Amino acid sequence: MMKLHLTTGTITYMQGLKKEHRDVKIGAMGQDAVLYYESDSADSIFSSRNSYDVQYTSGTLDENNPTSMHFIPVPDERKGPLHGHLADVNEILLGTRGVQSHRIGEALGEDAYIVLIQWAQTSTYNDFKQTNSYKNYLSTEALAKYRTAESLFHKSISSKLYLPLKDNEEDPEDEF
């Protein structure tokens, strides 16, 4: 099974890691950045990372596309119902205008999932966030039903949009 590995940090630090590992993809939003790549190994080149078993995949990952990442922590007893929900998310994404590629995976050694989506452009992601598909499947409210009272005190459901470096507003101090 294919694995998705990612790590986050400041854009300056992540750009340094990217220079060491040319095959990894990078995205940024302001000073926050993410590095990610796929491999068939559970071992990651990142020392601080999140790794996922990819269950659904479509298209090729490309760091030149805006990328939304939806992090979904879920306790063990709610994983079964979430699997069906994520199968539905996969079907929806296959038919959503502007989706270039996506990955849906379960965290290794952690009770969490990721939905990574690459978009044709930022506006297609913003348009998607206004649809019933987003509201019913990927919004915090839609995913909250897979939480328990106990899990509400742990990691929260979150999503973040990362832009290609060329589209991310850089600090003048970061320019070469």
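Structure: above.
For clarity, every value in this text was computed on a predicted model and none was experimentally measured.

Counting secondary structure elements, the protein contains five helices and eight strands. In the protein, the succession of α and β elements from N to C terminus is β-α-β-β-β-β-α-β-β-α-α-α-β. Against the compact-globule benchmark of 16 Å for 176 residues, the protein has a radius of gyration of 16 Å, which places it among compact chains. Its C-alpha atoms give the protein principal-axis dimensions of roughly 50 × 35 × 30 Å. For the protein, with 176 residues in total, the buried portion stands at 46%. By sequence separation, contacts in the protein at least 24 residues apart represent 72% of the contacts at least 6 residues apart. Taken as a whole, the protein presents about 9200 Å² of accessible surface, with 47% of it coming from carbon and sulfur. Within the protein, one finds 17 positive and 26 negative side-chain charges whose respective centroids are separated by 3 Å.

Time to look at the nonpolar core. Counting 21 residues, the largest nonpolar core has Ile72, Leu82, Leu86, Leu93 and Val115 as the members making the most contacts within it. Sorting the residues of this core by element identifies helix H2 (79-94), strand E6 (99-107), strand E7 (112-119) and helix H3 (122-128) as the ones contributing at least two each. If we ignore the near neighbours within four places in the chain, the residues touching Leu86 are Tyr56, Ile72, Ile104, Tyr113 and Val115. In this structure, Leu6, Leu61, Phe71 and Ala112 belong to the second largest nonpolar core, which totals 14 residues.

Spatial strand order, E2-E3-E1-E4-E6-E7-E5-E8: eight strands in an open sheet with antiparallel pairing. At either margin of the open sheet sits one strand with a lone partner, and together these are strand E2 (25-29) and strand E8 (158-162). The average angle at which neighbouring strand axes cross in this sheet is 25 degrees, direction not considered. Where strand E4 (residues 50-58) lies against E6, six bridges are found, and the strand directions are antiparallel. Residue pairing across strands places Thr57 opposite Arg103, the latter belonging to E6.

Going through the model one piece at a time under the given rule, you end up with nine salt bridges. Across the pair Asp127 and Arg97 runs a salt bridge, and its minimum N-O distance is 3.4 Å. Placement of the pair is Asp127 in helix H3 and Arg97 in the loop between H2 and E6, with a sequence separation of 30 residues. Judged by relative accessible area, Asp127 falls into the partly exposed class, the value being 41%. In this structure, a network of salt bridges that share partners links the residues Asp76, Lys79, Glu106 and Asp111.

Calculation rules
The written sequence of each chain sets the order in which its residues are numbered from 1. For this predicted model, a pLDDT threshold of at least 70 governs which residues receive local features, and a threshold of 80 or more governs which side-chain atom pairs are given and counted, while totals over whole chains, interfaces and linings are taken from all residues. Only hydrogens and water are set aside when side-chain values are computed; all heavy atoms of the structure are taken into account. Helical segments are the DSSP runs of H or I of at least four residues, strand segments are the runs of E of at least two, and each set is numbered from the N terminus. With the radius of gyration taken over C-alpha atoms, the globule rule is written as 2.2 Å times the number of residues to the power 0.38. For every residue, the accessible area obtained with a 1.4 Å probe (protein chains only) is divided by the maximum for its type, and the residue is called buried under 20%, exposed over 50%, and partly exposed between those limits. In this description, contact between two residues means that some pair of their heavy atoms is separated by no more than 4.5 Å. The Shrake-Rupley method, run with a 1.4 Å probe, gives the accessible areas here. Residue values count only the displayed protein chains as cover. Charged-residue counts in this description rest on Lys and Arg as positive and Asp and Glu as negative, His and the chain ends being excluded. For the purpose of locating charges, the reference atoms are NZ of Lys, CZ of Arg, CG of Asp and CD of Glu. For our purposes a nonpolar core is just a set of buried Ala, Val, Leu, Ile, Met, Phe, Trp, Tyr and Cys residues, chained together by side-chain atoms within 4.5 Å. By definition, two strands form a pair when at least two bridges between them are found by DSSP. An axis is simply a line fitted to the C-alpha atoms; with a helix, the fit covers only the stretch in contact. Between two such axes, the angle follows the N-to-C directions and lies from 0 to 180 degrees. The rule for a salt bridge is simple: a side-chain nitrogen of Lys or Arg has to be within 4 Å of a carboxyl oxygen of Asp or Glu.

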